[in-house]
Amino acid sequence: MLIFTRPEEWGALRKSYFDHRGSVGYVPTMGALHQGHQSLIERAVKENEISVCSIFVNPTQFDKSADLQNYPRTLHADLTMAEESGCDAVFVPEVKTMYGHAVVSGAADYGALTSTLEGAHRPGHFDGVVTIVRKLFAAVEPDRAYFGEKDFQQLAIIRELVKRESLGVDVVSCKLIRDVDGLALSSRNVRLSPQGRMNALAISDTLRQLRLRSGEVSPEMLAKWGRRHLAQQKGIELEYLELINEQTFDKAESWDEPVRALVAVCVDGVRLIDNMLMSTV
Ligand code: AMP
């Protein structure tokens, strides 16, 4: 497996190792890889002649410096996992390579897509995401890029970015991978205490209960019930729980729309997000 740290290296590597032939499938990550990431990498490997993964903890998408500092970094294990998943090359740039001396991001305003939910609760987060994805796409020049539904809003924003800026990348959405007990896999889960991890099960449990009850009352009423229920669970600090139209990101008004529940909570001071489709049309 090739490892490169500078965008300029990739062109030469691609030429000498792959003779520029075949499609490039790309998986951007922030490392601390788990089976969720692995599923994306395996899909990129399967669907492309050349597969590339990047590991870069992007400072501009963190709205809290403590979160950035505490973000797990496990490069050695990550490289092993990428190689075992069949990945051809891993891009591991440094912050100064991606940003030079100015670690700043441009503003991304895609209406409700960027202003609601994560956009409202993490100021500047999507500005940082859009800025780095533009830079990473320019470096790797992928034909397809793989993003997980775990970050459902991010996925929608990347699709919009590619469309608005005609980036010529096929964005492939990959299903959310859960642990056997239902907890959505996340790099941040390692920061949970054993008790916190137990408490965190209330997130997926609530989403499942919402899905079972969808159609019984209006989406607005169900969201209210979900918020009340989840906020009462032990160790859960609720940030938001909303039922939205998964295409427009407006609040869902009826069950004649594709409705998805998105949720963010803090457990043990660790911020966790999850989402689940409630109904299709
Ligand atoms: P991250 O390293 O958290 O920035 O995630 C890198 C990519 O992996 C993003 O496209 C995420 O949506 C995806 N991802 C993270 N966790 C999961 C999961 N549990 N299931 C599916 N995809 C995931």
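Just so it is clear, the structure is predicted and the values come from calculations on it, not from any experiment. Along each chain, residues carry numbers from 1 onward, in the same order as the chain's sequence is written. Reporting of local features is limited, given that this is a predicted model, to residues whose pLDDT is at least 70; pairs of side-chain atoms are given and counted only at 80 or more, and all residues count toward the totals for whole chains, interfaces and linings. Only heavy atoms go into the side-chain values, all of them from the structure, while hydrogens and water stay out.

**What about unusual backbone geometry?**
Right, on to step 1. With a phi close to 45°, Ser 166 is a non-glycine residue in the positive phi region.
Right, on to step 2. Considering the arrangement of structural elements, one finds Ser 166 in the loop between α9 (152-164) and β6 (170-174).
Right, on to step 3. Buried, partly exposed and exposed residues are distinguished by accessible area as a fraction of the type maximum, computed with a 1.4 Å probe on protein chains only: under 20%, between the cut-offs, and over 50%, respectively. You can call Ser 166 exposed: its relative accessible area is 62%.
Right, on to step 4. For Phe 249, which is not glycine, the phi torsion reads 70° and is therefore positive.
Right, on to step 5. What counts as a helix is a DSSP run of H or I of at least four residues, what counts as a strand is a run of E of at least two, and both are numbered from the N terminus. Residue placement: Phe 249 occurs in the loop between β7 (237-245) and β8 (259-267).

**Considerations on the site of the ligand**
Right, on to step 1. Met 30, His 37, Asp 151, Ile 177 and Leu 185 are the nearest of the 17 residues found near the ligand.
Right, on to step 2. Any pair of nitrogen or oxygen atoms within 3.5 Å is treated as a polar contact; in protein, a donor-acceptor pairing is required on top of that, and neighbouring residues in sequence qualify only through side-chain atoms on both sides. Between the ligand and Met 30 there is a distance of 2.9 Å, counted from an oxygen atom to a backbone nitrogen or oxygen.
Right, on to step 3. With respect to the ligand, the side chain of Asp 151 contributes an N or O atom lying 2.7 Å from an oxygen atom.
Right, on to step 4. Looking at the shell around the ligand, its residues break down into eight nonpolar, six polar and three charged. When at least one non-hydrogen atom of a residue lies within 4 Å of a molecule or strand, that residue is treated as near it. Residue classes follow a fixed rule: Ala, Val, Leu, Ile, Met, Phe, Trp, Tyr, Cys and Pro count as nonpolar, while Asp, Glu, Lys and Arg count as charged, and any other residue, Gly among them, counts as polar.

**A few points about the pattern of salt bridges**
Right, on to step 1. Just to be clear on terms, a salt bridge is a Lys or Arg side-chain nitrogen sitting within 4 Å of an Asp or Glu carboxyl oxygen. The final tally for this structure, using the stated rule, is 22 salt bridges.
Right, on to step 2. Taking the shortest distance from any N to any O, the salt bridge between Glu 94 and Lys 96 comes out at 2.8 Å.
Right, on to step 3. Residue classification places Lys 96 among the exposed residues on the basis of a relative accessible area of 57%.
Right, on to step 4. Taking the shortest distance from any N to any O, the salt bridge between Asp 181 and Arg 197 comes out at 2.7 Å. With Asp 181 in the loop between β6 and α10 (194-213) and Arg 197 in helix α10, this residue pair connects regions lying 16 residues apart in the sequence.
Right, on to step 5. Among the ionic contacts, a cluster of salt bridges with common partners joins Asp 63, Asp 67, Arg 122, Arg 188 and Arg 191.

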